[in-house]
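Remarks on the overall topology
Below are the chains, spelled out letter by letter.
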Amino acid sequence: NFKIALCLAVFLFGSAALAEKTRYDNYKLVHLTPKTPLHVQLVSEWEEKTEFDVWTRVKTTEESVHVLLSPEAYVKYSVLFTLFKIPFEILENNMQKNFDEQERSMALSRNSRNIVGRYARYTEIQSFIDNLAATSPLVTSDIAGKTYEGRNLKVAIIKTATSQRKVWIDCGIHAREWVSPATCVYFIDKLINDYNSGNALARELLGYFEFHVLPIVNPDGYEFSHTNTRMWRKNRRPNSGSCVGTDLNRNFGFKWLTGGSSTDPCSDTYAGPSADSELETKAIENYINKYKGQWDSYLTIHSYGKWWFTPYGYSTTLPADYTDLNAKAQIGISGIRAYGDATGWTSGSSSRILYIASGGSEDWTYGVAGIKYSYCLELRPGQSGTDAFYGFSLPEDRAPKAGLETYGGIVTFLKAIKP
Ligand code: ARG
Ligand code: ZN
């Protein structure tokens, strides 16, 4: 009997390798625009349910929510939207179609040895760093730690003999945000190429800063999002009970569990059993602490929304340096414009623009490690306009654009903070 054999195989060899890919047939990406306090309250209540998968939520003057709903959930909630008169539109009728399109474009590029500008896998990114370390005098690497599944957290270090201060950039803390690791890879490649071709800004920056870049903070989750569940967000360490994973960006040890995170191990924003409980979180904190006082900037790269966020995430209280931080973020956005397209980009405190969320990495680097220029960037697509309906599944051919404009934003910002 095939079914029994399959069950036995799954039992014996573990479900991950044999599990079928999660499908998203007729899942709908819905754009909601709540207009009244009741609307806002209803969305906040629905948001607690796993069937109501909020992708982004803006709460500035105009509320705007992207939510992914299964066909069954859509039947239920569209009635409620209509009943309560919450304006809504369907951005994408069949999310599986977006994912298929993404896979098709990736299949065409997969065999290319050059991983710059594509959604490369974990092992490809490790080889990319190893190869640079072996061939470029600018590059060394270090292992910040290991993950639950035993993968390395490999940091690429790009520096010259005259470097004085350090800059940290990390990508891929959330598994499904594929354009993020691709952007770290793009950044490393472009910085080295610009330096080698005599570009004045790259020369100036590398004469003063050394760059420590971790392209995938959450490789276990990242690989799982490629092999099993495209919308996976957390890491892959099992919890007590049957649900897996902690949201690493809710796990950092500053104002942990003070709002915007969950104590439910099944939630996508599960904060973990205690602050800094996760290997990936701890690895970053240890690495930053090892060079305490030497960092001028910490940048953590997510998608999506086109935002350059300052702390804090845990509270709408503005940090002491807010005016300066926001001014420098604006310079960063001018750099995005100079190198690419800054349409839709805004800056400000994440808790004021987006939502309150405690345990985020840039709150820890700002609030505990004392790194003044701590930011969280949310890359393409924006909340509205071109490509918004792709959400996390931005097609791979947009990755070079995201890489280039983000590179432009970061180098322009760094020039502005360099003495
Ligand atoms: N989309 C990110 C998240 O939800 C934004 C985080 C902003 N930073 C923060 N510390 N809350 O994790
Ligand atoms: Zn994220």
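These numbers were taken from a predicted model, which means no experiment stands behind them. Each chain carries its own residue numbering, running from 1 in the direction its sequence is written. Each chain takes a letter, starting from A, and each ligand takes a number, starting from 1, following the order in which they are written. Since the coordinates come from a predicted model, pLDDT governs what is reported: local features require at least 70, and pairs of side-chain atoms require 80 or more to be given and counted, while whole-chain, interface and lining totals use all residues.

A closer look at helix α5 (residues 95-109)
Between the first and last C-alpha of α5 there are 22 Å, a value that for 15 residues agrees with the 21 Å anticipated at 1.5 Å per step. Considering only its buried residues, α5 is in contact with β1 (28-32), β3 (63-69) and β4 (88-92). The helix count covers DSSP runs of H or I at least four residues long, the strand count covers runs of E at least two residues long, and both are numbered beginning at the N terminus. Multiplying 1.5 Å by the residue count of a helix minus one yields the expected span of that helix. In this description, a residue-residue contact is defined by the distance between C-beta atoms placed from the backbone, which must lie within 7 Å.

Focus: unusual backbone geometry
Of the consecutive residues S303 and Y304, the connecting peptide bond is found in the cis state with omega at 5°. Mapped onto the fold, Y304 is located in strand β9 (residues 295-305). Here the amide bond leading from P311 into Y312 is cis, since omega sits at -5°, within 30 degrees of zero. By the element assignment, Y312 lies in the loop between β10 (307-310) and α11 (322-339). A positive phi angle, near 60°, is found at K85, a position not held by glycine.

Overview of the UniProt feature "domain: Peptidase M14" (unreviewed entry) in the chain
In the numbering used here, UniProt assigns the "domain: Peptidase M14" (unreviewed entry) feature to residues 118-417. The span residues 118-417 is 37% helix and 19% strand, and its two end C-alpha atoms sit 30 Å from each other. UniProt positions are given in the numbering used here, feature names are shortened, and annotations may be inferred rather than shown by experiment.

Comments concerning the sheet that holds β1
Pairing between strands is defined by DSSP: at least two bridges between them are needed. Read across the sheet, four strands follow the order β2-β3-β1-β4 without closing on themselves; strand pairing throughout is antiparallel. On the outer flanks of this sheet lie β2 (53-59) and β4, each paired with one strand and no other. Within this sheet the neighbouring strands show an average axis-to-axis angle of 20°, counted without direction. Pairing between β2 and β3: six bridges, direction antiparallel. Directly across from R57, in β3, lies its bridge partner V65. In this analysis, axes come from line fits to C-alpha atoms, helices being fitted only over the stretch in contact, and the angle between any two N-to-C directions falls in the range 0 to 180 degrees.

Thoughts on the sheet that holds strand β8 (residues 209-214)
Reading across from one edge, β5-β6-β8-β7-β9-β12-β10-β11 is the order of the eight strands in this open sheet, with mixed pairing throughout. Across the chains shown, the open sheet's two edge strands, defined by having one partner strand only, are β5 (139-146) and β11 (346-349). Adjacent strand axes in the sheet meet at a mean angle of 20°, parallel and antiparallel pairs treated alike. Two strands pair when backbone bridges link them, and strand β7 (residues 165-171) and β9 are joined in this way by six bridges, in the parallel orientation. Bridged to W168 within β9 is Y298. This element, helix α10 (residues 279-290), spans β5, β6 (152-158), β7 and β9 of the sheet and lies at about 130° to β5. Across the sheet, α11 is in contact with β10, β11 and β12 (373-382); its angle to β10 comes to roughly 160°.

A closer look at the site of ligand 1
Put plainly, near means the residue's C-beta atom, positioned from the backbone, lies within 6 Å of the molecule or strand in question. Every residue near ligand 1 is listed here: N249, H302, F309, G313, S350, L354, A357, G360, E362, D363 and C376. Three classes are used: nonpolar for Ala, Val, Leu, Ile, Met, Phe, Trp, Tyr, Cys and Pro, charged for Asp, Glu, Lys and Arg, and polar for all others, with Gly counted as polar. Partitioning the shell around ligand 1 into residue classes produces four nonpolar, five polar and two charged.

A closer look at the nonpolar core
I169, F187, I188 and V213 are the most contacted members of the largest nonpolar core, which totals 75 residues. For this core, the element with the highest residue contribution is helix α7 (residues 179-196), accounting for nine residues. Not counting residues within four places of it along the chain, the set of residues in contact with F187 comprises I169, V213, G403, T406, Y407 and I410. The nonpolar core criterion groups buried Ala, Val, Leu, Ile, Met, Phe, Trp, Tyr and Cys residues into a set whenever they are joined through C-beta atoms within 7 Å. A residue is called partly exposed when the number of other C-beta atoms within 10 Å of its own lies between 12 and 20, exposed at 12 or fewer, and buried at 20 or more, with C-beta atoms placed from the backbone. By size, the runner-up hydrophobic cluster in this structure holds 18 residues, among which are L32, V65, V67 and A73.

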